[in-house]
Amino acid sequence: MKLFQKMKKTLLEFALVFALFVLNPIFSQIFAYFLDGVQASPMLAEYNASVFFLAILSFLLVLEFPTRIFHTKPILEEQKRADFIRCLSCANICFGSLCLISAVSLLFLHLFNVSAPEQKILPPKNALGWINFALGTPCAAFSEEVIFRLYLPSRFSLFFEKENDSFFSFRRFVLECIPLALFSLAHFYQGFFGILNAFLCAIALRRCFLKTRSIFVPFFVHALYNFCVFALFWLI
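Let me begin by describing the structure that accompanies this report. (Residues numbered from 1 in each chain as written. Predicted model: local features only at pLDDT ≥ 70, side-chain atom pairs only at ≥ 80, totals over all residues. Heavy atoms only, no water.)

### What to know about the overall build of the protein chain
When helices and strands are counted, the protein chain shows 7 helices and 2 strands. Sequence-ordered secondary structure for the protein chain, helices as α and strands as β, is α-β-α-α-β-α-α-α-α. Out of the 236 residues belonging to the protein chain, those deemed buried represent 36%. In the protein chain, of all internal contacts separated by at least 6 residues, the share reaching a separation of at least 24 is 82%. (Helix = DSSP H or I, 4+ residues; strand = E, 2+ residues; numbered from the N terminus. Buried < 20%, exposed > 50% of the residue type's maximum accessible area, 1.4 Å probe, protein only. Contact = heavy atoms within 4.5 Å.)

Written as structure tokens, this is what we have:
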């Protein structure tokens, strides 16, 4: 009976999180794309209150999962140093992978004369806008990492994966692909280029999480990458 109640609570939590964090952004992007079209008016790089609210909820979700950031037992200094070096190495590889993926994607667009979405994102116009941008960019990255790299894969595994499934089983492969596809659809407004780029970057970020077992490492990489992308487009 207790197991049933616990599973019922988990399913309810999953339904709320899926509707709020996944379906709402995806359908909002799709509707905006078809209503405004690719030639949408320029947008300011500022975030509304919902981004910060979702970041707070995401942090509460993180507390449900053990990560290497929160050690429950005393560990040796050597182990801490080894963990730090491993995380730093994974972060460097992941960031380099994201940059390479974007570069190859842009080269593909150039070689095959494929047009990217022409909606421009303008830099903030005042100090409050820059503060909003500086805080909102990592908050948005944190929410995406928690939901698509930690929460959804874990819950899909809990609900659908069987005990005798191997690491390379087809079922596990499908369960890993679902969050990748959902993350890609959340970038629907960027067109085919944005969807493809998001899918490939999501693979690198998920790999980074699996190697470090800490959501904070891919979050840091994701936030840094987003800052670099904004800076690159504004400087060019």
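Past the structure itself, the notes keep going.
### As for the pattern of salt bridges
Throughout the structure, instances matching the rule amount to 3 salt bridges. For Asp83, the salt bridge is made with Arg86, and the minimal N-O distance between the two is 2.7 Å. One end of the pair, Asp83, and the other, Arg86, are both in helix α3 (residues 77-111), 3 residues apart, so they sit about a helical turn from each other. Judged by its relative accessible area of 32%, Arg86 falls in the partly exposed class. (Salt bridge = Lys/Arg side-chain N within 4 Å of Asp/Glu carboxyl O.)

### Some thoughts on the nonpolar core
Core analysis: the largest hydrophobic core is formed by 27 residues, its most contacted members being Phe18, Val22, Ile147, Phe148, Tyr151, Leu152 and Leu182. Residue assignment for this core shows that the elements contributing at least two residues are α1 (2-36), α2 (49-62), α4 (127-160), α5 (170-185) and α6 (191-212). At 8 residues, α4 tops the list of elements feeding residues into this core. Apart from residues lying up to four places away in sequence, Leu152 is in contact with Phe14, Phe18, Val22, Ile147, Pro179 and Leu182. (Core = buried A, V, L, I, M, F, W, Y, C linked by side-chain atoms within 4.5 Å.)

### Observations regarding the side chain of Arg155
If you trace the backbone, Arg155 turns up in helix α4. Here Arg155 falls in the buried class, since its relative accessible area comes to 10%. In contact with Arg155, not counting residues within four places along its chain, are Thr10, Glu13, Phe14, Glu64 and Phe65.

### A look at the packing of aromatic side chains
Per the counting criterion, the structure on display carries 12 aromatic pairs. On the basis of an interplanar angle of 65° and a centroid distance of 5.4 Å, the ring pair of Phe148 and Phe183 is categorised as edge-to-face. You can see Phe148 sitting in helix α4 and its partner Phe183 sitting in helix α5, a full 35 residues away along the chain. Looking at Phe148, the relative accessible area reads 5%, which means it is buried. Owing to a relative accessible area of 3%, Phe183 belongs among the buried residues under this scheme. Relative to Trp234, the ring of Phe230 has its centre 5.4 Å away and its plane inclined at 35°; by these criteria the two rings are tilted. With Phe230 and Trp234 both in helix α7 (residues 216-235), this residue pair falls 4 residues apart, about one helical turn. Look at Phe230 and you get buried, because its relative accessible area is 17%. Classification of Trp234 as partly exposed rests on a relative accessible area of 25%. (Phe/Tyr/Trp six-rings, centres within 6.5 Å; stacked < 30°, edge-to-face > 60°.)

### Regarding α6
Compared with the 32 Å implied by 1.5 Å per residue over 22 residues, the 32 Å span of α6 between its first and last C-alpha is a close match. Arg213, located one to two residues past α6, shows a positive phi value of around 60°. (Expected span 1.5 Å × (residues − 1).)

### Quick notes on the environment of Cys228
Assignment of secondary structure puts Cys228 in helix α7. Remark: the alpha-carbon pair of Cys228 and Cys99, spanning 129 residues in sequence, is separated by 9.4 Å.

### Considering the packing of α6 against α7
Remark: α6 packs on α7, axes separated minimally by 8 Å, with the N-to-C direction vectors making an angle of 145°. Between α6 and α7, the residues in contact are Asn197, Cys201, Leu205, Cys208, Phe209 and Thr212 and Val217, Pro218, Val221, His222 and Tyr225, respectively. Its residues placed into classes, the contact of α6 with α7 shows 8 nonpolar, 3 polar and no charged. (Axes fitted to C-alpha atoms, helices over the stretch in contact; angles between N-to-C directions. Nonpolar A, V, L, I, M, F, W, Y, C, P; charged D, E, K, R; others polar.)

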